[in-house]
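Coordinate inspection notes
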Amino acid sequence: MIDDMELSRITWAASIKLAAVISVVAALLAIAASLVSDLPQAAIVLPAIVVGFVASWVQTAHIHRQALDRMVLVPAQPAGTSA
């Protein structure tokens, strides 16, 4: 239970950091695009949403994969035997 809570906390913290970075990059690209050409807002917002979603999905899978790699698997004792 505690491991699940810790994994959830790590995942949320990483997601917030990723969202902040993607938001800043998207804002800078939106400013640059508006100065260079007359793009519709959807041409800027939709790619930012897609990139953010995919990056978050990949990052979450990576964090969960790392957590599984760190887990120690202990074989179960057969019933009726003592350690």
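To start, this report covers the structure provided alongside it. (Residues numbered from 1 in each chain as written. Predicted model: local features only at pLDDT ≥ 70, side-chain atom pairs only at ≥ 80, totals over all residues. Heavy atoms only, no water.)

**Re the overall build of the protein**
Worth spelling out the cut-off: Each helix is a run of DSSP H or I of at least 4 residues and each strand a run of E of at least 2, with the numbering of both proceeding from the N terminus. Exposure categories follow from relative accessible area, calculated using a 1.4 Å probe and restricted to protein chains: below 20% of the type maximum is buried, above 50% is exposed, and the middle band is partly exposed. Here the Shrake-Rupley method, with its probe set to 1.4 Å, supplies the accessible areas, and only the displayed protein chains count as covering residues.
Scanning the protein for helices and strands turns up two helices and zero strands. Within the protein, buried positions represent 12% of all 83 residues. For the protein, the computed accessible surface area is about 7,000 Å², with 73% contributed by carbon and sulfur atoms.

**Quick word on the layout of surface pockets**
The following threshold applies: Here a cavity means grid points, on a 1 Å grid over the protein atoms only, where a 1.4 Å probe fits yet cannot get out; a pocket means an open set of points with protein on both sides within 12 Å along at least five of seven lines; lining residues are those with an atom within 4 Å of a point. Grid points are joined across faces, edges and corners, and a volume is the space filled by probe spheres set on the points. Residues were grouped as follows: Ala, Val, Leu, Ile, Met, Phe, Trp, Tyr, Cys and Pro as nonpolar; Asp, Glu, Lys and Arg as charged; and all remaining residues, including Gly, as polar.
Taken as a whole, the second largest pocket spans an internal volume of roughly 200 Å³. Contributing to the lining of the second largest pocket are 13 residues, with Val25, Ala26, Leu29, Ile44 and Ala48 lying nearest its centre. For the lining of the second largest pocket, the leading source of residues is helix α1 (residues 2-36), giving seven residues. Of the residues assigned to the lining of the second largest pocket, the class counts are 13 nonpolar, no polar and no charged.

**A short note on a nonpolar patch on the surface**
How we decide: Exposure above 30% relative accessible area and the absence of a salt bridge qualify a residue for a patch, where like charges join within 9 Å and nonpolar side chains (Val, Leu, Ile, Met, Phe, Trp, Tyr) within 5 Å. We count a salt bridge whenever a side-chain nitrogen from Lys or Arg sits within 4 Å of a carboxyl oxygen from Asp or Glu.
On the surface, a cluster of nonpolar side chains totalling about 570 Å² of accessible area is made up of Val24, Leu28, Ile31, Leu35 and Val36. Its place among the elements puts Leu28 in helix α1. In this structure Leu28 comes out as exposed when scored by relative accessible area, which is 56%.

**A word on the environment of Val25**
Its place among the elements puts Val25 in helix α1. Through-space distance from the C-alpha of Val25 to that of Ala48 is 9.1 Å; in sequence the pair is 23 residues apart.

**Here's the deal with the environment of Ala67**
Along the chain, Ala67 turns up in helix α2 (residues 41-70). The exposure class of Ala67 is buried, given its relative accessible area of 18%. Sequence spacing of Ala67 and Asp4 is 63 residues, and the spatial spacing of their C-alpha atoms is 9.8 Å.

**Examining the side chain of Ser15**
Let me state the cut-off plainly: Should any heavy atoms of two residues lie within 4.5 Å, those residues are considered in contact.
Note that Ser15 resides in helix α1. Accessibility expressed as a relative area gives 18% for Ser15, which makes it buried. Not counting residues within four places of it along the chain, the set of residues in contact with Ser15 comprises Ser56, Gln59 and Thr60.

**Structural notes on the side chain of Thr11**
Tracing the sequence through the fold places Thr11 in helix α1. Judged by relative accessible area, which is 12%, Thr11 ranks as buried. In contact with Thr11, other than residues within four places in its own chain, are Thr60, Ile63 and His64.

**Things to note about α2**
Spelled out, the test is: Multiply 1.5 Å by the residue count of a helix minus one, and that product is the helix's expected span.
The first and last C-alpha atoms of α2 sit 44 Å apart over 30 residues, in line with the 44 Å expected at 1.5 Å per residue. Restricting attention to buried positions, one finds in α2 the residues Gly52, Ile63 and Ala67.

Note that all results are geometric; they support no functional claim without further evidence.
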